[in-house]
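Take a look at the letters that make up each chain.
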Amino acid sequence: MQTTKTRILPTQIAAETFLVHDHAGEGSAPVSIALNAMVIRGEQPVVVDTGATEHRTQFLDDVFSIVEPEDVRWVFISHDDVDHTGNVNPLMAACPNATLVIDWFMQERMGATLEVSPLRWRWMRDGEALDVGDRQLQLVRPPVYDSPTTRGLFDPTTGVYWASDAFATPMPVPVHDVVEIDREVWTEGMATFNQYISPWLELADERRYLQTVDRIAALQPTTIAGCHTPVIAGDQVADALDITRRTPGLTVPAQPDQVVLDQIQRTLAA
Ligand SMILES: [Fe+2]
Ligand SMILES: [Fe+2]
């Protein structure tokens, strides 16, 4: 079993916009899953999602290599899953001038796990815009998602869209950019991810579902970044939208079942 983890330092994906990389599964699973966050270092710096608890030191080190703690003005959480909220409490504690952008339902669902004072919250929903001084960040829900609180974040000044859990794919090995993944592997990986996180796709009216993909296309993003994907840029943006449009009609592998767990347990016990 591989024990050393590939360290990917933060990468600049647009002007003053940085992807904070992390991943899980390397060495212990057939594929790795990215666990990214993002920093927009504009007039009022914004941290977008907060990574997973088990990688806290690396996450905070990486964020604070991009922006000083006292300069962070906003922490935007895309939804209440633990891989997006894992470091929200220590991040807010370290950033005294930051306001936490969540919504009503997110704080209801997080309950006592959210240790940030309500006096530091701001509730914002899909369709609203967050004024961060030199730009207006637009909250736009992605087409697929696994929490009712999900809102993506679009920066019109760079064309970067933060997709939360959408446009995601497993990686055979950790990489920076989806062009480093075999195209068929990427297509199947994204369709699989989309169906796993949104099992309601089979219930959705096709025309209305496609409108949600068109809504993202209409933003004309230059780059799609997300928690669970290497960066998607250039021609791959249109490809990602196309795969997501076609997802409901694609056949994907079944999720691992008890037979797989039996194998894992035998390996662990050996
Ligand atoms: Fe999620
Ligand atoms: Fe996630």
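### Brief notes about the coordination of the iron ion (ligand 2)
Around the iron ion (ligand 2), the donor atoms from the protein are Asp 83 (OD), His 84 (NE2), Asp 165 (OD) and His 228 (NE2), and they sit 2.1 to 2.3 Å away. Metal-centred angles of 80 to 168° between the four donor atoms at the iron ion (ligand 2) mark the site as irregular. For the iron ion (ligand 2), the donor residues sit on a single chain with the sequence spacing D-H-x80-D-x62-H.

### Here we look at the coordination of the iron ion (ligand 1)
Angles at a metal have ideal values that depend on geometry: 109.5 degrees with four tetrahedral donors, 90 or 180 degrees with six octahedral donors. Surrounding the iron ion (ligand 1) are the protein donor atoms His 79 (NE2), Asp 81 (OD), Asp 146 (OD), Asp 146 (OD) and Asp 165 (OD), which sit 2.0 to 2.6 Å from the metal. Each donor residue of the iron ion (ligand 1) lies on the same chain, and together they follow the pattern H-x1-D-x64-D-x18-D. Taken as a pair, the iron ion (ligand 1) and the iron ion (ligand 2) lie 3.4 Å from each other and share Asp 165 as a ligand. In this pair, His 79 sits in the loop between strand S7 (74-76) and helix H2 (82-85) while Asp 146 sits in the loop between strand S11 (136-140) and strand S12 (152-155), placing the two residues 67 residues apart along the sequence. Overall, His 79 belongs to the buried group, its relative accessible area being 0%.

### Regarding the packing of aromatic side chains
Using the criterion set out here, one finds three aromatic pairs in the structure. Here Trp 104 and Phe 105 contribute two aromatic rings whose centre-to-centre distance is 5.3 Å and whose plane-to-plane angle is 10°, an arrangement assigned as stacked. By relative accessible area, Phe 105 is classed as partly exposed at 33%. Pairing Trp 121 with Trp 123 gives two aromatic rings, centres 6.4 Å apart and planes at 25°, and the pair type is stacked. Assessed through its relative accessible area of 21%, Trp 121 is described here as partly exposed.

### Regarding the layout of surface pockets
For the largest pocket, the calculated volume is near 730 Å³. For the largest pocket, the lining is made up of 28 residues, of which Ala 29, Pro 30, Val 31, Pro 170 and Pro 256 are closest to its centre. Where the lining of the largest pocket is concerned, the elements lending two or more residues are helix H5 (183-197) and helix H8 (258-269). Tallying contributions element by element places H5 first for the lining of the largest pocket, with seven residues. The computed volume of the second largest pocket comes to approximately 200 Å³. Surrounding the second largest pocket, Asp 126, Arg 141, Pro 142, Pro 143, Tyr 145, Trp 200, Ala 204, Asp 205, Arg 208, Tyr 209, Thr 212 and Arg 215 form its lining. In the lining of the second largest pocket, the residues fall into six nonpolar, one polar and five charged.

### Digging into the sheet that holds strand S5 (residues 37-40)
Strands sit in the order S1-S2-S5-S6-S7-S8-S9 across an open sheet of seven strands; the sheet is mixed. Each of the sheet's edge strands pairs with one partner strand only, and the pair in question is strand S1 (11-14) and strand S9 (121-123). Sheet twist, expressed as the mean angle between neighbouring strand axes with direction ignored, is 25°. Sheet topology places strand S6 (residues 46-48) next to S7; three bridges connect them, and they run parallel.

### Looking at the pairing of strand S15 (residues 229-233)
Of all the five residues making up S15, four are buried; the element is thus mostly covered by neighbouring parts of the structure. For strand S14 (residues 223-226) and S15, the ladder comprises three bridges, and the chain directions are antiparallel. Note that in S15 the partner of Gly 226 across the bridge is Thr 229. Between S14 and S15, which pair antiparallel in sequence order, lie two residues.

### Overview of the packing of H5 against helix H7 (residues 235-246)
Where H5 meets H7, the axes come as close as 9 Å, and the angle between the chain directions of the two elements is 50°. By the angle between their directions, the pair H5 and H7 is classed as oblique. Our pair here, H5 against H7, has a crossing hand that is right-handed. Contacts from Arg 183, Trp 186, Thr 187, Met 190, Ala 191 and Asn 194 in H5 reach Gln 236, Asp 239, Ala 240, Ile 243, Thr 244 and Arg 246 in H7. Broken down by class, the residue content of the contact of H5 with H7 amounts to five nonpolar, four polar and three charged.

What counts, and where the lines are drawn
Residues numbered from 1 in each chain as written. Chains lettered and ligands numbered in written order. Predicted model: local features only at pLDDT ≥ 70, side-chain atom pairs only at ≥ 80, totals over all residues. Heavy atoms only, no water. Donors = N, O, S within 2.8 Å, 3.2 Å for Na, K, Ca; no water. Tetrahedral: all angles 85-135°; square planar, octahedral: opposite > 155°, others 65-115°. Helix = DSSP H or I, 4+ residues; strand = E, 2+ residues; numbered from the N terminus. Buried < 20%, exposed > 50% of the residue type's maximum accessible area, 1.4 Å probe, protein only. Phe/Tyr/Trp six-rings, centres within 6.5 Å; stacked < 30°, edge-to-face > 60°. 1 Å grid on protein atoms, 1.4 Å probe; cavity = no way out; pocket = protein on both sides within 12 Å on 5 of 7 lines; lining within 4 Å. Points joined across faces, edges and corners; volume = space filled by probe spheres on them. Nonpolar A, V, L, I, M, F, W, Y, C, P; charged D, E, K, R; others polar. Pairing = 2+ DSSP bridges. Axes fitted to C-alpha atoms, helices over the stretch in contact; angles between N-to-C directions. Parallel < 35°, antiparallel > 145°, perpendicular 65-115°, else oblique. Left-handed = near helix turned anticlockwise from the far one by under 90°. Contact = heavy atoms within 4.5 Å.

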